[in-house]
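The primary structure of each chain is shown beneath.
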Amino acid sequence: MRDRRVAIAPGATIGMLGGGQLGRMMGVAAAQLGYRCHVFAPDDPCVAAETCARFTAAPFEDEDALAAFMGTCDVVTYEFENVPVGPLAAVGGAPLRAPVRALEIAQDRLAEKRFVADLGGTPAPFMAVDDEADFTRAIEQIGTPGIVKTRRDGYDGKGQWRIMSPRDAEDANLPAGTPLIYEGFVDFLAEFSVILVRGMDGEIRYWDSAENEHSSGVLARSTVPARPDIAAQVPAARELSAKVAEALGYIGVLTLEFFATAQGPVFNEMAPRVHNSGHWTIEGARTSQFENHIRAICGLPLGDTATIVPGVVMDNLIGEQANGWAEVLADPANHLHLYGKDVREGRKMGHVTRLIMDAAA
Ligand code: AMP
């Protein structure tokens, strides 16, 4: 028998840690289901607050502010995985979904790779680099090309240095005193993600996996369906993702990113949250990642994750690209989402989801 715990009924308040576009879109989904969201974020103003009923602007380390915030919430979730875990654990209060363990692991590339490898997954070869000697050893054992990454706080390709040759390694000017990881460069056919939702009763549902194309380390495009040679690797990637979700007692939407390689799926990283490569689900799936995340953390029945059109392409609007919105809207196949941010080079400003109704197109 499944354990169906008491649902948090519509009308309740969902706390949200983080103030970015993921929170903004989660706020819309929550409002649709009759919930109010209370955002807690250090940045004031923030784009999530614009779709949510309440906003507390305070640093994540401010335990008094966090405790007061928790006191207003029936359940708390996060849209940003670098929320410091210490203060959160210290204040307690409303249940945190997904669990704090998922945050702890996803915040540290080394912990994440070890965790997934212990569950039978295959990450790129990796070694911890805490000083020059570690780096020399890593280059000797793993070889080049490879990538040095900060263990913490890296996102969208930030905090990464490509080491193409032993010469690059000699010339590398790595940040001193920052815990790093060195990983071998994966010769991949393509990149894809598994996005799943796990309910409070342990039920897991998956959306179709998108093929993801990055530009300078930032997601540029997600396409569904993925090419057949990628799709063939999805079952193994899903099996691993389910093991991760179960090992964490996960509740909510969880994303794992993979490289499709000639040897099968290679795990890259996980995000304990809704994901940019799942934005297409707003129009392209029967239930979006945002709605199902809200359903899961509130203990409601999960919605159908099936794709409802023959194909979908989601393009991120980065920096100035967002100024082309009039042209985007002129095409009836397009759905435009703008995040209400000031234009800055390299910044994710919005996305366009294009529904492909003719499979042969
Ligand atoms: P990450 O922040 O780790 O997801 O890295 C951003 C992007 O850099 C990935 O989506 C890949 O396109 C590329 N990348 C990261 N790590 C590797 C690797 N070990 N081998 C090849 N490409 C990588």
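Rules behind the numbers
- Residues numbered from 1 in each chain as written.
- Predicted model: local features only at pLDDT ≥ 70, side-chain atom pairs only at ≥ 80, totals over all residues.
- Heavy atoms only, no water.
- Near = heavy atom within 4 Å.
- Polar contact = N/O pair within 3.5 Å; in protein donor to acceptor, adjacent residues only side chain to side chain.
- Areas by Shrake-Rupley, 256 points an atom, 1.4 Å probe, with all protein chains shown as cover.
- Helix = DSSP H or I, 4+ residues; strand = E, 2+ residues; numbered from the N terminus.
- Axes fitted to C-alpha atoms, helices over the stretch in contact; angles between N-to-C directions.
- Parallel < 35°, antiparallel > 145°, perpendicular 65-115°, else oblique.
- Left-handed = near helix turned anticlockwise from the far one by under 90°.
- Contact = heavy atoms within 4.5 Å.
- Nonpolar A, V, L, I, M, F, W, Y, C, P; charged D, E, K, R; others polar.
- Salt bridge = Lys/Arg side-chain N within 4 Å of Asp/Glu carboxyl O.
- Buried < 20%, exposed > 50% of the residue type's maximum accessible area, 1.4 Å probe, protein only.
- Pairing = 2+ DSSP bridges.
- Domains from an automatic or database assignment.
- Patch = residues over 30% accessible without salt bridge, like charges linked within 9 Å, V, L, I, M, F, W, Y side chains within 5 Å.
- Phe/Tyr/Trp six-rings, centres within 6.5 Å; stacked < 30°, edge-to-face > 60°.

**Quick notes on the site of the ligand**
For the ligand, the set of nearby residues contains 16 residues, the closest of which are Lys-149, Glu-183, Val-186, Glu-191 and Glu-269. One of the backbone nitrogen or oxygen atoms of Gly-184 is found 3.1 Å away from a nitrogen atom of the ligand. About the coverage of the ligand: the protein hides 97% of its 470 Å² of free accessible area. Among the secondary structure elements, those contributing two or more residues to the shell around the ligand are β6 (146-150), β7 (160-163), β8 (180-184) and β14 (264-271).

**As for unusual backbone geometry**
The omega torsion of the bond from Arg-97 to Ala-98 falls at 5 degrees, within 30 degrees of zero and hence cis. Locating Ala-98 in the fold gives a position in the loop between α3 (85-91) and α4 (100-106). One non-glycine residue with positive phi stands out, namely Ser-216, at about 50 degrees. Its location among the elements puts Ser-216 in the loop between β11 (211-215) and β12 (218-224).

**Side note on the packing of helix α1 (residues 21-32) against helix α11 (residues 289-297)**
Helix packing geometry: the angle between the two helix axes and the distance between the axes. Axis separation between α1 and α11 bottoms out at 8 Å; the angle between their running directions is 65 degrees. On the basis of the axis angle, α1 is roughly perpendicular to α11. Seen from above, α1 lies across α11 with right-handed handedness. Across from Leu-22, Met-25, Met-26, Ala-29, Ala-30 and Gln-32 in α1, the residues of α11 making contact are Phe-290, Glu-291, His-293 and Ile-294. Of the residues belonging to the contact of α1 with α11, the class tally is seven nonpolar, two polar and one charged.

**As for the pattern of salt bridges**
Going through the model one piece at a time under the given rule, you end up with 16 salt bridges. A salt bridge links Asp-315 to Arg-221, with the nearest nitrogen and oxygen atoms 2.7 Å apart. In this pair, Asp-315 is assigned in strand β15 (residues 311-318) and Arg-221 in strand β12, connecting sequence segments 94 residues apart. Owing to a relative accessible area of 25%, Asp-315 belongs among the partly exposed residues under this scheme. On the basis of relative accessibility, which here comes to 34%, the residue Arg-221 falls in the partly exposed class. Between Arg-295 and Glu-291 there is a salt bridge; the shortest N-O distance is 2.8 Å. Of the two residues, Arg-295 and Glu-291 are both situated in helix α11; the distance of four residues between them amounts to about one turn of the helix.

**Let's talk about the sheet that holds strand β1 (residues 13-17)**
In a beta sheet, neighbouring strands are held together by backbone hydrogen bonds and run either parallel or antiparallel to one another. Strand order in the open sheet formed by four strands is β3-β2-β1-β4, with parallel pairing between adjacent strands. The open sheet has two free edges, formed respectively by β3 (54-57) and β4 (75-78), since each of these has just one partner strand. Strand after strand, the sheet turns through a mean of 20 degrees between neighbouring axes, direction not considered. Here β1 pairs with β4 via four bridges, running parallel.

**Some words on the domain arrangement of the chain**
It is common to give the size of an interface as the accessible area that goes away when the parts come together. Partitioning the chain into structural domains gives domain 1 (13-96), domain 2 (125-184) and domain 3 (190-356). Computed over C-alpha atoms, the centres of domain 1 and domain 2 are 34 Å apart.

**As for a nonpolar patch on the surface**
The grouping of Trp-325, Leu-329 and Leu-338 at the surface amounts to a nonpolar patch, some 300 Å² of accessible area in total. Mapped onto the secondary structure, Leu-329 falls in helix α12 (residues 325-329).

**Focus on the sheet that holds strand β5 (residues 126-129)**
The strand order β5-β8-β6-β7 describes an open sheet built from four strands, whose pairing is antiparallel. The sheet is open, and its two borders are formed by β5 and β7, each paired with just one other strand. Ignoring strand direction, the axes of neighbouring strands in this sheet form an average angle of 20 degrees. Summarising the sheet, β6 and β8 pair through five bridges and their orientation is antiparallel. Residue pairing for β8: Val-148 is matched across the bridge by Tyr-182.

**Some remarks on the packing of aromatic side chains**
With the rule as written, the count across this model stands at seven aromatic pairs. When the ring of Phe-40 is compared with that of Phe-69, the centres are 5.1 Å apart and the planes differ by 55 degrees; the resulting orientation is tilted. With Phe-40 in strand β2 (residues 36-41) and Phe-69 in helix α2 (residues 63-70), this pair connects stretches of sequence that are 29 residues apart. Looking at Phe-40, the relative accessible area reads 0%, which means it is buried. A ring pair is formed by Phe-135 and Tyr-182, whose centres lie 6.0 Å apart and whose planes are at 80 degrees; its orientation type is edge-to-face. Note that Phe-135 is positioned in helix α6 (residues 132-142) and Tyr-182 in strand β8, a separation of 47 residues in sequence. Of the two residues, Phe-135 and Tyr-182, both sit in the buried class.

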